[in-house]
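Fold and geometry: a report
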Amino acid sequence: MRLSTRIALAVTVLVPLLVLASGWIMVRLVGHDVHAQADAHLRQRAAAVRPDARNLLRAMANDRSAAVEQAKQRKLFAAALDVGIRVTGTEGTVTEGPQPALDRPLPAPADAGHPVTFRADGASWRVLAVPIGVAKPAAKGTLWLFSPDTAGQEQIGRVRRRIITVALLTAPVAGAVAWLAVTRAALPLRRLQRRASGIDPRVSAARLDHTPTGVTEVDELAHSLRTVLARYDEQAARTEEALATARSFSAAASHELRNPLMSMRINLDVLDGGPEPGAAERAEIVADLRAEHSRLLGLLVMLRALAQGDLVEADAFVPVDLADLLHAAVADLRREHPHVRVALHAPPGLRVHGWPQGLRSAVDNLLVNAAVHGAGGARGGTERAGARGGTERAGAESGGTALIEVTLGPDGDPAAPAAVLTVDDHGPGVPPAARQEIFQRFRRRPDSPGSGLGLALVGQQIALHGGRITVGDRPGGPGARFTVVLPLGPAGDPLPGGRDWLAGASAGEPR
């Protein structure tokens with residue numbers, strides 16, 4: 001059932017009920033006014049005839065002649081005019097005018113001290129009782145005055161019938177008027193419904209086009225529909241990104257895992273075949289298997305981290321103290337790489353609005369990259385100059401001790417406060433031609449045991465946090481300096497769209 005029909009039916013029922021309720025109050029008021037008018041007339045007649053009633057009571061008490069009593073009665077009745085009179089006393093009762101029959105019991109005089117309604121033989125009367133008395137001779141009685149209530153009841157009945165007639169007539173009229181008014185008022189809502197029903201987010205990019213109507217409810221509903229459609233688009237985009245990320249994860253894992261798995265299979269066949277390898281050859285094969293296993297594990301961990309970064313939502317971002325994060329990362333690095341010496345300067349108080357897991361992953365990969373390539377001396381430096389891009393080789397393999405200097409501080413710009421993190425190593429550095437390539441996926445040497453995803457993960461996380469990263473030479477000597485700038489305080493801009501660090505450019509393709 002349409003809303004206009006529902007409202008019309010409700011008005012059809014409610015308006016007559018309201019008319020009847022108002023009419024009931026009107027009948028009560030009319031009845032009160034009619035009775036008040038009749039009661040005022042009774043009181044006036046009572047005041048006018050009371051002296052004559054006392055004279056009649058005195059004549060009755062003195063046992064005067066019938067002629068005297070009749071004269072007193074005529075005078076009393078003449079003063080009464082249009083009301084009924086009844087005088088009761090110890091000597092008898094005198095009546096005249098319209099009134100109930102003598103055999104009908106009247107209300108107690110005390111109850112009729114004010115005009116009351118009395119019903120007898122199908123008639124209604126207003127009755128007033130006034131006590132009278134004389135001193136000589138001592139006699140007491142009651143003066144009763146009666147006024148027919150027929151006219152008042154007829155007037156009240158006419159008002160009641162008219163109210164019922166008005167209620168019956170207003171029911172269909174009010175329903176029709178309400179239906180027309182609501183139908184006209186609902187036109188903006190029906191137009192909005194037609195526009196909304198033509199939208200199919202699955203097959204069309206068209207969205208709700210709404211011009212403000214001035215009807216608050218319709219405009220608010222249109223705003224809600226737009227919000228719902230915008231959330232649908234956002235969720236559909238995120239779903240598409242998730243599917244693309246999943247496909248890229250599968251493709252990258254399949255491509256990158258093929259060679260290590262084939263190499264492991266060959267080594268296992270050698271171990272299981274004949275002739276049985278010697279002790280030295282066996283040890284070399286086991287070492288190769290361990291290296292391939294480490295590479296596979298690192299590759300899967302990095303791919304998962306990149307996928308998480310491409311799919312992270314804004315509600316995962318919280319205030320993060322960079323000093324606490326750096327101290328924890330340096331402590332873990334020292335445990336896992338005992339040969340590394342780290343000089344850390346990180347004053348507390350620099351907080352960013354970030355994803356703790358992503359920031360920690362970025363810092364860990366920066367430190368591991370510096371540890372891998374930060375061995376002092378020039379040994380192997382020429383060969384490694386363009387080969388950065390992840391956990392390539394342990395520093396111990398290069399025959400030196402890695403020295404890393406980590407510094408955190410503000411950038412000093414009050415207009416756009418930011419934190420500046422620098423990571424310096426004492427390795428061979430990064431040639432200028434390779435300083436952009438090292439942040440691409442799978443950028444590594446053919447003989448490297450690393451995954452080639454470490455610095456790609458660093459670049460992804462810095463971009464997610466609205467920062468920037470640059471690579472240069474370490475001041476004062478050989479080595480590389482990685483500089484990260486992150487804005488402080490709450491996030492101003494939303495997460496960047498089109499996050500495709502896992503699904504985007506492959507190795508060798510510029511981002």
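Source: prediction; values computed, not measured.

1. Some words on the overall build of the protein
A count of helical and extended segments in the protein gives 10 helices and 12 strands. Burial status across the protein gives 40% buried among its 511 residues. Long-range contacts, defined here as pairs at least 24 residues apart, represent 67% of the contacts in the protein between residues at least 6 apart.

2. Comments concerning the nonpolar core
Ranked by size, the top nonpolar core spans 41 residues in total, and within it L367, I404, L408 and F482 carry the most contacts. Secondary-structure elements contributing two or more residues to this core are α7 (322-336), α8 (356-373), β9 (403-410), β10 (418-425), α10 (454-464), β11 (468-473) and β12 (480-487). Take this core: its biggest share by element is eight residues, from α8. In this structure, L42, A53, F77 and V94 belong to the second largest nonpolar core, which totals 22 residues.

3. A word on the sheet that holds strand β2 (residues 92-96)
Overall, antiparallel pairing links the five strands, which are arranged β2-β1-β5-β4-β3 in an open sheet. Strand pairing shows two members of the sheet lacking a second neighbour, β2 and β3 (116-120), which therefore form its edges. Each strand axis lies, on average, 30° off the axis of its neighbour in the sheet, ignoring direction. Where strand β1 (residues 84-89) and strand β5 (residues 139-148) come together, six bridges link them in antiparallel fashion. If you follow G84 over to β5, its bridge partner there is F146.

4. Thoughts on a positive patch on the surface
Taken together, R158, R160, R161 and R162 make up a surface patch of like positive charges. With respect to the helices, strands and loops of the structure, R160 is situated in helix α3 (residues 150-185).

5. Focus on the pattern of salt bridges
All chains considered together, the criterion is met by eight salt bridges. Residue D364 pairs with R360 through a salt bridge whose shortest N-O separation is 2.9 Å. Here R360 and D364 lie together in helix α8, a separation of four residues that amounts to about one turn. The partner of D424 in a salt bridge is R481, with the nearest N and O atoms 2.8 Å apart. Of this pair, D424 sits in strand β10 while R481 is found in strand β12, placing the two residues 57 residues apart along the sequence. Its relative accessible area of 3% is what places D424 among the buried residues. In this structure R481 comes out as partly exposed when scored by relative accessible area, which is 26%. Overlapping salt bridges bring together D332, R335, R360 and D364 as one network.

6. Thoughts on the side chain of D52
The residue D52 is located in helix α1 (residues 3-61) in this model. A relative accessible area of 11% places D52 in the buried class. Setting aside residues no more than four positions away along its own chain, D52 makes contact with K75, L76 and A79.

7. Focus on the pairing of β5
Burial analysis of β5 places eight of its 10 residues in the buried class, the great majority of the element. Relative to β5, strand β4 (residues 123-134) runs antiparallel, the two being bridged by 10 bridges. Across the sheet, V130 pairs through a bridge with L143, a residue of β5.

8. A word on the confidence of the model for the protein
On average, residues of the protein score 77 in pLDDT, and 79% of them reach the 70 mark or higher. The least confident element of the protein, judged by mean pLDDT, is helix α9 (residues 381-384) at 31; the most confident is β10 at 93. Here residues 505-511 is modelled with pLDDT under 50, and outside its nearest four sequence neighbours on either side it reaches 16 contacts, counting other chains as well.

9. Things to note about the sheet that holds β10
The mixed open sheet is built from five strands, whose spatial order is β7-β9-β10-β12-β11. Both outer strands of the open sheet, β7 (341-345) and β11, are each paired with one neighbouring strand and no more. Here the average twist between neighbouring strands, direction ignored, is 15°. Examined bridge by bridge, β11 and β12 share six bridges and lie antiparallel to one another. Note that in β12 the partner of R468 across the bridge is V485. The strands touched by α7 within the sheet are β7, β9, β10 and β12, with β7 carrying the most contacts at an inclination of about 170°. Lying on the sheet, α8 is in contact with β9, β10, β11 and β12; it crosses β10 at an angle near 25°.

Rules of the game
- Residues numbered from 1 in each chain as written.
- Predicted model: local features only at pLDDT ≥ 70, side-chain atom pairs only at ≥ 80, totals over all residues.
- Heavy atoms only, no water.
- Helix = DSSP H or I, 4+ residues; strand = E, 2+ residues; numbered from the N terminus.
- Buried < 20%, exposed > 50% of the residue type's maximum accessible area, 1.4 Å probe, protein only.
- Contact = heavy atoms within 4.5 Å.
- Core = buried A, V, L, I, M, F, W, Y, C linked by side-chain atoms within 4.5 Å.
- Pairing = 2+ DSSP bridges.
- Axes fitted to C-alpha atoms, helices over the stretch in contact; angles between N-to-C directions.
- Patch = residues over 30% accessible without salt bridge, like charges linked within 9 Å, V, L, I, M, F, W, Y side chains within 5 Å.
- Areas by Shrake-Rupley, 256 points an atom, 1.4 Å probe, with all protein chains shown as cover.
- Salt bridge = Lys/Arg side-chain N within 4 Å of Asp/Glu carboxyl O.
- Lys, Arg positive; Asp, Glu negative; His and termini not counted.
- Charge placed at Lys NZ, Arg CZ, Asp CG, Glu CD.
- pLDDT = per-residue confidence, 0-100.

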